[in-house]
Amino acid sequence: MVTLEEALRGSVRSVNVRSAAGGKVGTQTYQVKIPPGVTEGQRLRLAGRGEAGVGGGGAGDLYLRVRLAKHPDFEVEDHNLIYEVEIAPWEAVLGANLSVPTLHGRVNIKIPPGTQRGQKLRVRGRGLPQHNGGHGDLIVVTRIAVPERVTEGERKLWEQLARESRFKPRD
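A short tour of the structure in this document, coming up.

How each quantity is defined
Residues numbered from 1 in each chain as written. Predicted model: local features only at pLDDT ≥ 70, side-chain atom pairs only at ≥ 80, totals over all residues. Heavy atoms only, no water. Helix = DSSP H or I, 4+ residues; strand = E, 2+ residues; numbered from the N terminus. Rg over C-alpha atoms; globule rule 2.2 N^0.38 Å. Contact = heavy atoms within 4.5 Å. Areas by Shrake-Rupley, 256 points an atom, 1.4 Å probe, with all protein chains shown as cover. Pairing = 2+ DSSP bridges. Axes fitted to C-alpha atoms, helices over the stretch in contact; angles between N-to-C directions. Core = buried A, V, L, I, M, F, W, Y, C linked by side-chain atoms within 4.5 Å. Buried < 20%, exposed > 50% of the residue type's maximum accessible area, 1.4 Å probe, protein only. Patch = residues over 30% accessible without salt bridge, like charges linked within 9 Å, V, L, I, M, F, W, Y side chains within 5 Å. Salt bridge = Lys/Arg side-chain N within 4 Å of Asp/Glu carboxyl O. 1 Å grid on protein atoms, 1.4 Å probe; cavity = no way out; pocket = protein on both sides within 12 Å on 5 of 7 lines; lining within 4 Å. Points joined across faces, edges and corners; volume = space filled by probe spheres on them. Nonpolar A, V, L, I, M, F, W, Y, C, P; charged D, E, K, R; others polar. Polar contact = N/O pair within 3.5 Å; in protein donor to acceptor, adjacent residues only side chain to side chain. Phe/Tyr/Trp six-rings, centres within 6.5 Å; stacked < 30°, edge-to-face > 60°. Lys NZ or Arg CZ within 6 Å of the ring centre and 35° of its normal.

Side note on the overall build of the chain
- Within the chain, the secondary structure is distributed over three helices and 10 strands.
- Ordered by position in the sequence, the α and β elements of the chain form the string α-β-β-β-β-β-β-α-β-β-β-β-α.
- Taken over the C-alpha trace, the chain has a radius of gyration of 25 Å; the compact-globule value for 171 residues is 16 Å, which it surpasses by more than 25%.
- Considering only contacts within the chain whose residues lie at least 6 apart along the sequence, 45% involve residues at least 24 apart.
- Counting only carbon and sulfur atoms, one obtains 48% of the accessible surface of the chain, whose full area is about 11800 Å².

Some details on the sheet that holds strand β6 (residues 80-87)
- With mixed pairing, four strands are arranged side by side in an open sheet as β5-β6-β10-β9. Edge positions in the open sheet fall to β5 (75-77) and β9 (120-123), since each of these has one partner strand only. In this sheet, adjacent strand axes meet at a mean angle of 35° when their direction is disregarded.

What to know about the nonpolar core
- The biggest cluster of nonpolar side chains holds 33 residues, and the ones touching the most others in it are V100, I109, L138 and V140.
- The leading source of residues in this core is β6, at four residues.
- Ignoring sequence-local partners within four residues, the contact set of I109 consists of A96, N97, L98, V100, L121, V123 and V140.

Some words on a nonpolar patch on the surface
- On the surface, W90, V93, L94, W158 and L161 cluster together into a nonpolar patch covering about 560 Å² of accessible area.
- Residue assignment for the nonpolar patch shows that the elements contributing at least two residues are α2 (89-94) and α3 (152-164).
- Mapped onto the secondary structure, L94 falls in helix α2.

Brief notes about the layout of surface pockets
- In this structure, the largest pocket spans a volume of roughly 840 Å³.
- Surrounding the largest pocket, 24 residues form its lining, P89, V93, W158, L161 and F167 being those nearest its centre.
- Elements that contribute at least two residues to the lining of the largest pocket include exactly α2 and α3.
- When grouped by side-chain class, the residues that make up the lining of the largest pocket number 14 nonpolar, four polar and six charged.

Some thoughts on the side chain of H79
- With respect to the helices, strands and loops of the structure, H79 is situated in the loop between β5 and β6.
- Judged by relative accessible area, which is 8%, H79 ranks as buried.
- From its side chain, H79 meets the backbone oxygen of P129 in a polar contact 3.3 Å long.
- If sequence neighbours within four positions are ignored, H79 has contacts with G37, T39, G127, L128, P129, Q130, H131, G136 and D137.

Comments concerning the environment of V66
- Note that V66 resides in the loop between β4 (62-65) and β5.
- Along the backbone, V66 and L46 are 20 residues apart, and their C-alpha atoms lie at a distance of 13 Å.
- Those residues in contact with V66, other than ones at most four positions away along the chain, are V2, V38, T39, E40, G41, Q42 and L44.

Looking at the packing of aromatic side chains
- This structure, assessed with the given rule, holds two aromatic pairs.
- Above the face of the Y63 ring, R43 is positioned so that its terminal group lies 4.3 Å from the ring centre.

Here's the deal with the environment of A88
- Mapped onto the fold, A88 is located in the loop between β6 and α2.
- Between the alpha carbons of A88 and P147 there is a distance of 8.3 Å; along the sequence they are 59 residues apart.

Put into structure tokens, the structure is as follows:
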């Protein structure tokens, strides 16, 4: 499993590989270079580290398939990072400025007035490295959070809004 931080910066990892060459079962440890921008399912090649060839031939290559470890904040789509952010109803209606995490640190984003549930906001260049030297993007997906409980004063404000608003979502 490769962490997103390793996929961002690259790393060198020790990997134990179990082999069954010539009827003997053993475990070999290899130092594997994880290149920046590695993606889910990508194969890493270790030249000459595979099983011995038939009839005394040289060892073949060993291929390791990359699996990205789950991250608490982000999902991954290709080189893009997906982050879901919860916003209050009034932030969706009026707009807001928020701070969101990236693998590089936090960035400020603008939630535009009238933002809808599931709307995608793109922060360019804040994803994982690409092989061409660029970076993927951070895609911020909005989720509108509704309070479970409100004070009496808040209830009166919501009731006033319900009476005065011309917004009818089911018309």
